[in-house]
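# Structural features, examined
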Amino acid sequence: MGKHLTKRADDYSKWYNELVVKADLAENSAVRGCMVIKPYGFAIWEKMQAELDRMFKETGHQNAYFPLFVPKSLFEAEEKNAEGFAKECAVVTHYRLQNDPDNIGKLRVDPEAKLEEELVVRPTSEAIIWNTYKGWIQSYRDLPLLINQWANVVRWEMRTRLFLRTAEFLWQEGHTAHATKNEAITEAKQMQDVYAEFAETFMAMPVVKGVKSDSERFAGAEDTYTIEALMQDGKALQAGTSHFLGQNFAQAFDVKYTSKEGKQEYVWATSWGVSTRLIGGLIMTHSDDNGLVLPPKLAPIQVVIVPIYKNDEQLEAISEKVNEIVQDLRRKQISVKFDNRDTFRPGAKFAEYELKGVPVRIAIGNRDLENKTLEIARRDTFKKQTVAQEDAVEFIEHLLEEIQDNLFTKAKDFRTEYTTVVNDFKEFKKAIKKGGFVSAHWDGTEETEDRIKEYTKATIRCIPNDALEEAGECVLTGKPSSKRVLFAKAY
């Protein structure tokens, strides 16, 4: 199956699109720009959700749910936010259909069913949530308010790509309210750390933590904290963002609290989110020309067992041993599938699970029963080993950890190789052409940022949190700069 994939070196974009479909992750739907996430793809999202949800709750957050529709008057209350998303909004204007008298069997919008006020299908939920918070927050005793919701949002996109950019996508969005500016900034930075830990520990995807430039920050935010990852084609992917919103939304929606001193104060706000775009990042960080490569911690199936037999008697004997192994693995919380389908030959099964990125494959035949051994193959390196059956569970447990670590190390080494430090614009253009992150001085102006983007299509991905203070000159203008920032072409 993987042999029919376009090679990454030939056409990376085509390789990605083919892989998403052939690995049974998602497909385009009848709704233009929207996708159907298939069970295997959704199983990856469920594992992501489970780990993130646990991490959110461990940091004191609770889940809630808010309406899909936002009255236009609420949406436009925070002007910068409304302006930033205006061109991406889907809008509901009517609430009913009727039979079309001019086309029998067809329907039309009922002209008498026009809404008094248009409803925006949420591109993000700050407006409806902050309107709600006005009723929830009266006193300092109500703070901090730490809420997250798992939801879908709509951002009308004309050029789409499965998982990376679709008109509708799934995500989580945290929205918190605080008594002080410092508390809100601490919250925003904490969630950036949570996202970075998730990306590196579970996705095996190294990220750079940093702050967005003014032109790249979230509409309505005072600061946007980001995690940026590097894909195998040398393009960057914004993998998660956390925003310090200041008091902008509190003022727009008049959300105040009575302080301990009895004064009326506006609260301080944050919002933060990651989406199903992470699945795209997972694919592009690790996968190869043979198909998906999944880190064990997020693989829906961590171990697949394929029996090799000539008759029903052999299958019965193999199945008896396999069932013991399956139970032992499950007791270790390892997800395992025994593929005993008789409609596919072992070779076809091997190809299927290679394409789907299952981290570990076990083959067991009649000779293995006699020798009390198993053949164990790992997806990341294709290395095979013969292991005694009595040692198999412990061996697999350690092997899964080894694969997880190897994928992270490989991705980190790639990022190191494709991070280039430059000091003038000639070097800059050469490095951007090569691909990857380019570390360069910038004079801090939006005008220079726009000119660099115009010349090279590269944007400032972030000002790294760990950027060293160093005197330098902007690569384009030669004006003074105090630290380097990261540029890259990006998704």
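Refer to the structure above for everything that follows.
Computed from a predicted structure; not experimentally measured.

Moving on, we get to empty space enclosed by the protein. Rolled over the atoms, a probe as big as a water molecule pinpoints where empty space is left. Considering all chains together, one arrives at one cavity of 30 Å³ or more under this definition. Those elements giving two or more residues to the lining of the largest cavity turn out to be β12 (223-230) and α12 (392-417). Here the residues of the lining of the largest cavity sort into five nonpolar, one polar and one charged.

Next up on the list: the layout of surface pockets. Volume-wise, the largest pocket comes out at about 1,700 Å³. E157, R165, Q238, R277 and Y491 are, among the 50 residues lining the largest pocket, the residues nearest its centre. Those elements giving two or more residues to the lining of the largest pocket turn out to be α1 (12-22), α4 (79-85), β10 (168-178), β13 (236-246), β16 (268-275), α8 (277-286) and β24 (459-464). In the lining of the largest pocket, the residues fall into 15 nonpolar, 17 polar and 18 charged. Approximately 490 Å³ is the volume found for the second largest pocket. Looking at the second largest pocket, it is lined by 19 residues, and the ones nearest its centre are V208, P464, D466, A467 and L486. Taken together, the elements giving at least two residues each to the lining of the second largest pocket come down to α6 (181-201), β11 (208-211), β22 (419-421), β23 (437-441) and β27 (484-488). For the lining of the second largest pocket, the element with the highest residue contribution is β27, accounting for three residues. Residues of the lining of the second largest pocket, tallied by class, amount to ten nonpolar, three polar and six charged.

Looking now at helix α10 (residues 346-355). For α10, the complete set of buried residues consists of K349, E352, Y353 and L355. Summarising the axial view, the buried residues of α10 lie within an arc of 155 degrees, below the 170-degree limit, and thus occupy one face. Tucked inside the fold, the buried residues of α10 contact α1, β17 (303-308) and β18 (336-338). Among the residues trailing α10, G357 stands out with phi positive, at a value near 75 degrees.

For the rest of this paragraph, the subject is a negative patch on the surface. A contiguous patch of negative charge, built from D312, E313, E316, E320 and D342, is present on the exposed surface. Mapping E316 onto the fold places it in helix α9 (residues 312-331). Accessibility expressed as a relative area gives 59% for E316, which makes it exposed.

The first and last C-alpha atoms of α6 sit 30 Å apart over 21 residues, in line with the 30 Å expected at 1.5 Å per residue. For α6, the full list of buried residues reads A184, I185, E187, A188, M191, Q192, V194, Y195, A196, F198 and A199.

This next bit is on the packing of aromatic side chains. Enumeration according to the criterion identifies 18 aromatic pairs in this entry. Geometrically, the ring pair formed by Y12 and W15 is tilted, given 5.0 Å between the ring centres and 40 degrees between the ring planes. With Y12 and W15 both in helix α1 and three residues apart, the pair spans about one turn of that helix. Judged by centre distance (6.1 Å) and plane angle (70 degrees), the rings of F425 and Y455 are edge-to-face. Here the residue F425 occupies a position in helix α13 (residues 425-434), and Y455 occupies one in helix α14 (residues 446-456), the gap between them amounting to 30 residues. A residue is classified by how much of its surface remains accessible, and F425, at 14% relative accessible area, is buried. Following the ring pairs from residue to residue traces out a cluster consisting of W45, F56, W150, Y195 and W272. The positively charged end of K235 is found above the aromatic ring belonging to Y491, 5.1 Å away from the centroid. Above the ring of Y40, the side-chain terminus of K356 is found at 5.0 Å from the ring centroid.

Conventions used here
- Residues numbered from 1 in each chain as written.
- Predicted model: local features only at pLDDT ≥ 70, side-chain atom pairs only at ≥ 80, totals over all residues.
- Heavy atoms only, no water.
- 1 Å grid on protein atoms, 1.4 Å probe; cavity = no way out; pocket = protein on both sides within 12 Å on 5 of 7 lines; lining within 4 Å.
- Points joined across faces, edges and corners; volume = space filled by probe spheres on them.
- Helix = DSSP H or I, 4+ residues; strand = E, 2+ residues; numbered from the N terminus.
- Nonpolar A, V, L, I, M, F, W, Y, C, P; charged D, E, K, R; others polar.
- Buried < 20%, exposed > 50% of the residue type's maximum accessible area, 1.4 Å probe, protein only.
- Arc of directions from axis to C-beta.
- Contact = heavy atoms within 4.5 Å.
- Patch = residues over 30% accessible without salt bridge, like charges linked within 9 Å, V, L, I, M, F, W, Y side chains within 5 Å.
- Areas by Shrake-Rupley, 256 points an atom, 1.4 Å probe, with all protein chains shown as cover.
- Salt bridge = Lys/Arg side-chain N within 4 Å of Asp/Glu carboxyl O.
- Lys, Arg positive; Asp, Glu negative; His and termini not counted.
- Charge placed at Lys NZ, Arg CZ, Asp CG, Glu CD.
- Expected span 1.5 Å × (residues − 1).
- Phe/Tyr/Trp six-rings, centres within 6.5 Å; stacked < 30°, edge-to-face > 60°.
- Lys NZ or Arg CZ within 6 Å of the ring centre and 35° of its normal.

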